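Results of the structural survey
In case you want the letters, here they are:
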Amino acid sequence: LHQIAADSWFIPSSTLKKLVSAAALDTMPIDWSPETRLVLSGKKMGRSFTGVLQVIGGGDPNLSAHSFDNPLAIPLAMADSIKGMGIDTIRGNIIADTSFYPGKRRPQSWPSYAFDSWYGAEIAALSFNDNVYLLNVLPGKKAGDSACIQMIPDVGYIQVINKAVTNTESTVNISTNVDAQANRITVSGTLGIQSVGSQLLIPVRNPARYFLAALRTALTQRQIIWIEDTTTAPSNKEQQFRFHSIPLPKTLAEVNQRTQNMQSEMILRNLGAYVFQSGTPEGGILAEQAFLRKMSISPEDFVLVDGSGLSPDNRVKPLATSLLLSRMTRHHKGNLYANSFASIGYVRSNAYKPYNIEFTNQVRFKTGFISGVQSLAGYIGTNNGDSVAVTLYLNNYKGDDVKARILVDSIWSWITSTYNQESLSIPESRRLWKEGERVQGLQNRFQYFSKKLMGRPYFLGPTGEGASASIEPKPMMDLTRFDCVTYIEHVMALAKATHQDSVFATLQRIRYIHGQVGFETRKHYFVEDWI
């Protein structure tokens, strides 16, 4: 319908997540959910177990507080399984198997600064709580006291060096230094005794060990004693337990609404494992390319290095990404795909609310932002029940990020308004018709509705064939302004309609020959076409 630089290369940022989401929905069953296994290999004597507990990660990104009320839900379920075997003491070793994802935990293409932020959490086949923890820094009881530090969840995995001090002011001036390798954080600065403190999401190093720390915490909560003995060898006798979290559509909603990088990278690797038995980014990208070819979209229009869009090395063409969105509306899982995107009014941590967009119930979107990049892609519903696929990229801008975001949002808002202008006039036409329902006789109805519309602004050529028309993409009904002909058309439609819901259709029968909407069939000239 419209394009600017649509065949040029752009950095997509987080809107790239819509590709891995589409490929996963197309390729995997709807009820697909990764499996995490607990294997007990050893001997049980009485209520004691001697041997090895092995936790095998299957790439489940949902073992966290966003899927369960308690982030320890799966570790506690594992402890309950052990308790159910009549075991209250474990002597041996607990190990993690993360071989499902070979390779490094930190994508090489990501900017190095990302690994100190929640959005750059490490990727591992065995993960826990999005591989982050919430750090609460609160004032002490009086000035001069050390700040109070809380970690949620606290599984004894993080070492905190507390250098923060309470003062008499009301301001918060807290800084953190996250160790590049060890799970150690230094908290410095000051915070006022009357302040609310500071909250930060901090990534962990080595997520699999984070999970094992959570499992040990769960064993303690279930009163199971663990006596570490790294020399204990496994035996041939095994007992396995299997654990699942949430199905694929809900996972994709987390990816696209909370714009979760770790989860999208795990979906990419799971896609590679599902299609090519290779739980690597390269395997996932090959699966994405196969999906694009299946959808008759050229893979050459995508330069892919990750699944989340955090890397500035990704490149896409806007026309290809809008084509993907358009094709997915015809996919048999298209509704699940569109519903995984965010909607305005969706309130959750890290959720994004576009600025000043009208017709909020008509949009579903995926946002993106990295340095110098703003992006917004998704669907805009139209008043005729169809939808428009829109991709907007702003790259290499200088200056204020907020102003850049508002610019992108304002374009999106303009497109939304353009395709929904009738949405305001149609309800008003129903109201006007209802108010004049008791007026009898065509001449009387002409007079009644003529007076109702008097005083509205004059505007030359206010209506057309609708937003998708190539010649006159103005609304098909507009009660906010008229010229001479459209004034008469709308009065006649209100007077001649037999029901409040038929005003719009009556208007189109008046305006077009045989009611066939199109520039060629429009009754453009009052004397020649009408009389």
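Residues numbered from 1 in each chain as written. Predicted model: local features only at pLDDT ≥ 70, side-chain atom pairs only at ≥ 80, totals over all residues. Heavy atoms only, no water.

With that settled, the discussion passes to the sheet that holds strand E11 (residues 225–228). Taken together, five strands build an open sheet; the order of strands is E11-E3-E2-E1-E12 and the sheet is mixed. Single-partner strands in this sheet number two, and they are E11 and strand E12 (238–243). Between one strand and the next, the sheet's axes are offset by a mean angle of 30 degrees, whatever the strand orientation. For strand E3 (residues 89–97) and E11, the ladder comprises four bridges, and the chain directions are parallel. When the bridges of E11 are listed, Thr-89 appears paired with Ile-225. The strands that helix H2 (residues 73–84) touches are strand E1 (36–45), strand E2 (48–56), E3 and E12; relative to E12, the one it contacts most, it runs at about 145 degrees. Each of E2, E3 and E11 is contacted by helix H3 (residues 207–221), which is oriented at about 155 degrees to E3, the strand it contacts most. (Pairing = 2+ DSSP bridges. Helix = DSSP H or I, 4+ residues; strand = E, 2+ residues; numbered from the N terminus. Axes fitted to C-alpha atoms, helices over the stretch in contact; angles between N-to-C directions. Contact = heavy atoms within 4.5 Å.)

Moving on to the pairing of strand E8 (residues 172–178). Pairing of E8 with strand E9 (residues 184–192) involves seven bridges; the strand directions are antiparallel. Bridge pairing links Asn-173 to Thr-190 in E9. Adjacent in sequence and paired antiparallel, E8 and E9 are bridged by five residues.

With antiparallel pairing, the three strands of this open sheet are ordered in space as E15-E16-E17. Where the open sheet ends on each side, the last strands, each with one partner, are strand E15 (363–370) and strand E17 (387–395). Here the average twist between neighbouring strands, direction ignored, is 5 degrees. Where strand E16 (residues 373–381) meets E17, nine bridges bridge the pair, whose relative direction is antiparallel. By the bridge assignment, Gly-378 is partnered in E17 with Val-390. Those strands touched by helix H9 (residues 401–418) are E15, E16 and E17, and its axis lies near 20 degrees from that of E16.

Nothing here speaks to function; it is all geometry.
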